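Architecture and fold: a report
These are the residues of each chain, in order.
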Amino acid sequence: MASISSTAGSAVLRRDFFGSALESHRKNEVSLRRSVIRASKYSPKLPNRRLRVAVIGGGPAGGAAAETLAKGGVETVLIERKLDNCKPCGGAIPLCMVGEFGLPLDIIDRRVTKMKMISPSNVAVDIGRTLKPNEYIGMVRREVLDAYLRERAAESGAEVINGLFLQLDMPEGPNQQYKIHYSHYEGGALGGQRKTMEVDAVIGADGANSRVAKSIDAGDYEYAIAFQERVKIQDDKMVYYEERAEMYVGDDVSPDFYGWVFPKCDHVAVGTGTVTHKGQIKQFQAATRLRAKDKIEGGKIIRVEAHPIPEHPRPRRSSGRVALVGDAAGYVTKCSGEGIYFAAKSGRMCAEAIVEGSENGTRMIDESDLKKYLEKFDRMYWPTYKVLDILQKVFYRSNPAREAFVEMCADEYVQKMTFDSYLYKKVVPGNPWMISS
Ligand SMILES: Cc1cc2nc3c(=O)[nH]c(=O)nc-3n(C[C@H](O)[C@H](O)[C@H](O)COP(=O)(O)OP(=O)(O)OC[C@H]3O[C@@H](n4cnc5c(N)ncnc54)[C@H](O)[C@@H]3O)c2cc1C
């Protein structure tokens, strides 16, 4: 990999970077083709009942999983501890998610067509210049998106329970059921009522602090801490953010990530994150606010929120008939910190593997069915994760590197590739380094 000593070498750097990313992509393709998963053709038929699956957590991963299971003929229970949960999140989603998940346009607060990347010395580059008239980055509030996906799961036949998952007891023998312990918040009862439920399989969609992951000894991951303030700014200032979002890079806003201002219906979300200097997160947040000062000055902070963001997948993502999806599994990309689409996608793919393996809920499944979901997910997205991992290591390591990065973003070729890869998550002509979905 070329070193970044000055911004003048960015064209050479670009060629070197794409070359090495493509090479590692090819190596991965070869190693993935070698792993073969056995089908669960010997699993028994279920007499007089359907396969019963519990989905723990009702974020994008859980909502998408529960909808797919219920539509596929599986008896589905979704347990969510807080039905009005406002997940701390920037809420940026790629265009392909709107189509793939049939999201109605009225749940999307803003359609961003102008994305400003701002360097440590405040050089601003508009990286949305190659977008076509119908293309945009969606901005959602998570309390709206998550509720919508859960409602759709319920309409498809899933039972949604307002409860806190506590513990998982393993089955006593092959094809026996798991026992779930949970607090049921029926009628708003304080502390809830302790209950148990027997299920054939479990999808852990309970986010970065997943209790399901702990139950199966899935192991830990490195994580970033992300901090965000929702700031209500005056209407005349909001006009600037109508179709615009901002990303700030620099040692001041984060040593290893970026600061952002993302627009919502009537406010902006201002935030930043870091893995390496978690204790200084409030200082980075203050610096992000300072950089955006002219545009958000006089605004009122209406909500302060923080949450971990996983840095890489857990060492183990399935065990027996239990599988992890979304943040519980660790599916957030480095560099961009994107996790909503991958959460919904992994939830859906895991559920599809269960529906297929159980022949629409009529057979027991086994571990090999869940491994199929993992194999498919890795094959589709591993290169995306790898490329963004490399990008972060190269460009977020010093202010000169960040200046070079922002300069590179001015290049229309780079913009087109970046946006096509982000918006559609697939190969486009002239883009050799993303895998097709
Ligand atoms: C500040 C911040 C900004 C971000 N910005 C973006 C962005 O702009 N775009 C993007 O794509 N990604 C962003 N991310 C990442 C994104 O938020 C996550 O990747 C995404 O929320 C993962 O979805 P999920 O369904 O896997 O988990 P979550 O959204 O965390 O959902 C888990 C659900 O499980 C429930 N739950 C947890 N434990 C239990 C339990 N024991 N019992 C019952 N229910 C339980 C929770 O209440 C929650 O509803 C951001 C993250 C942070 C922290």
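Residues numbered from 1 in each chain as written. Predicted model: local features only at pLDDT ≥ 70, side-chain atom pairs only at ≥ 80, totals over all residues.

Let's shift gears to the overall build of the chain. Assigned secondary structure in the chain consists of 13 helices and 18 strands. Excluding contacts between residues fewer than 6 apart, the proportion of contacts in the chain whose partners are at least 24 apart in sequence is 71%. (Helix = DSSP H or I, 4+ residues; strand = E, 2+ residues; numbered from the N terminus. Contact = placed C-beta atoms within 7 Å.)

Right, let's talk about helix 2 (residues 60-71) for a bit. Taking 1.5 Å of rise per residue, the 12 residues of helix 2 would be expected to cover 16 Å, and the 17 Å separating its terminal C-alpha atoms lies within 8% of that figure. Of the positions making up helix 2, those classed as buried are Pro60, Ala61, Gly62, Gly63, Ala64, Ala65, Ala66, Glu67, Thr68, Leu69 and Ala70. Buried residues along helix 2 sit in contact with strand 1 (52-56), strand 2 (75-80), helix 4 (142-155), strand 11 (201-204), helix 9 (326-329) and helix 10 (340-357). Of the residues trailing helix 2, Gly73 is marked for its positive phi of about 90°. (Expected span 1.5 Å × (residues − 1). Buried ≥ 20, exposed ≤ 12 C-beta atoms within 10 Å, placed from the backbone.)

Let us now look at the site of the ligand. Contacts to the ligand come from 39 residues, most closely from Gly57, Gly59, Gly90, Gly326 and Gly339. Of all the secondary-structure elements, those providing two or more residues to the shell around the ligand are helix 2, strand 2, strand 8 (159-169), strand 12 (223-232), strand 16 (300-310), helix 9 and helix 10. The residue makeup of the shell around the ligand, split by class, is 17 nonpolar, 14 polar and eight charged. (Near = placed C-beta within 6 Å. Nonpolar A, V, L, I, M, F, W, Y, C, P; charged D, E, K, R; others polar.)

This part covers the sheet that holds strand 8. Here we have eight strands laid out as an open sheet, ordered 10-9-8-2-1-11-18-17, and mixed in their pairing. With one partner strand each, in any of the chains shown, strand 10 (193-199) and strand 17 (318-319) form the two edges of the open sheet. Note that strand 8 and strand 9 (residues 178-184) share six bridges and pair antiparallel. Within the sheet, the bridge partner assigned to Asp169 lies in strand 9 and is Lys179. Of the strands in this sheet, strand 1, strand 2 and strand 11 touch helix 2, which is tilted by about 165° from strand 2. (Pairing = 2+ DSSP bridges. Axes fitted to C-alpha atoms, helices over the stretch in contact; angles between N-to-C directions.)

Looking now at the nonpolar core. Residues Val53, Ala65, Leu69, Val202, Val325, Cys350 and Ile354 are the most contacted members of the largest nonpolar core, which totals 107 residues. A total of 11 residues in this core trace back to one element, the largest contributor, which is helix 10. Beyond its immediate chain neighbours, meaning those up to four positions away, Val325 contacts Ala61, Ala65, Ile203, Gly204, Ala205, Ala343, Ser346, Gly347 and Cys350. (Core = buried A, V, L, I, M, F, W, Y, C linked by C-beta atoms within 7 Å.)

This brings us to the pairing of strand 11. Both faces of the sheet carry side chains from a regular strand, because those side chains alternate between them. Alternating residues of strand 11 divide into Ala201 and Ile203 and Val202 and Gly204, and every residue in both groups is buried. Where strand 11 meets strand 18 (residues 322-324), three bridges bridge the pair, whose relative direction is parallel. By the bridge assignment for strand 18, Val202 is matched with Val322.

Taken over all residues, the pLDDT of the chain has a mean of 88, while the share at 70 or more is 88%. Low pLDDT (under 50) marks residues 1-39, which in the prediction has 45 contacts with non-local residues, meaning those over four places away or in another chain. pLDDT under 50 marks residues 427-437. Its contacts with residues more than four places away, or in other chains, come to 25 contacts. (pLDDT = per-residue confidence, 0-100.)

Moving on: the sheet that holds strand 4 (residues 110-112). Judged by pairing direction, the sheet is antiparallel, and its three strands sit side by side in the order 3-7-4 without closing on themselves. Looking at strand neighbours, the two that pair on one side only are strand 3 (92-93) and strand 4, the edges of this open sheet.

Here the focus is the packing of helix 10 against helix 11 (residues 367-395). Packing of helix 10 against helix 11 brings their axes to within 8 Å, and their N-to-C directions diverge by 140°. Overall, the two elements helix 10 and helix 11 adopt an arrangement that is oblique. With respect to the hand of their crossing, helix 10 and helix 11 are arranged in right-handed fashion. Contact residues: helix 10 offers Phe342, Ser346, Met349, Cys350, Ala353, Ile354 and Gly357, while helix 11 offers Asp369, Leu370, Lys372, Tyr373, Lys376, Phe377 and Tyr381. Counted by class, the contact of helix 10 with helix 11 contains nine nonpolar, two polar and three charged residues. (Parallel < 35°, antiparallel > 145°, perpendicular 65-115°, else oblique. Left-handed = near helix turned anticlockwise from the far one by under 90°.)

Of note in the backbone geometry, Cys335 takes a positive phi value of approximately 75° without being a glycine. Taking the number of C-beta atoms within 10 Å as the measure of exposure, Cys335 has 19 and is therefore partly exposed. The phi angle at Asn360 is positive, at roughly 55°, despite the residue not being glycine. Along the polypeptide, Asn360 turns up in the loop between helix 10 and helix 11.

All right, on to the pairing of strand 14 (residues 259-263) then. Most of strand 14 sits out of view: five of its five residues are buried. Note that strand 14 and strand 15 (residues 268-274) share four bridges and pair antiparallel. From the neighbouring strand, Trp260 faces strand 15, where its bridge partner is Gly271. The antiparallel pairing of strand 14 with strand 15 creates a hairpin that spans four residues between the two strands.

Moving on to the environment of Cys335. Of note, Cys335 is situated in the loop between helix 9 and helix 10. Beyond its immediate chain neighbours, meaning those up to four positions away, Cys335 contacts Leu388, Leu391 and Gln392.

Quick look at the packing of helix 2 against helix 10 now. Two elements in contact, helix 2 and helix 10, have axes separated by 7 Å at closest approach and are oriented at 30°. Considered as vectors, helix 2 and helix 10 are oriented roughly parallel to each other. As for how helix 2 packs across helix 10, the hand of that crossing is right-handed. Between helix 2, through Pro60, Ala61, Gly62, Ala64, Ala65, Thr68 and Leu69, and helix 10, the contact on the second element is made entirely by Ile340, Ala343, Ala344, Ser346, Gly347, Arg348, Cys350, Ala351, Glu352, Ile354 and Val355. Residues belonging to the contact of helix 2 with helix 10 are distributed by class as follows: 12 nonpolar, four polar and two charged.

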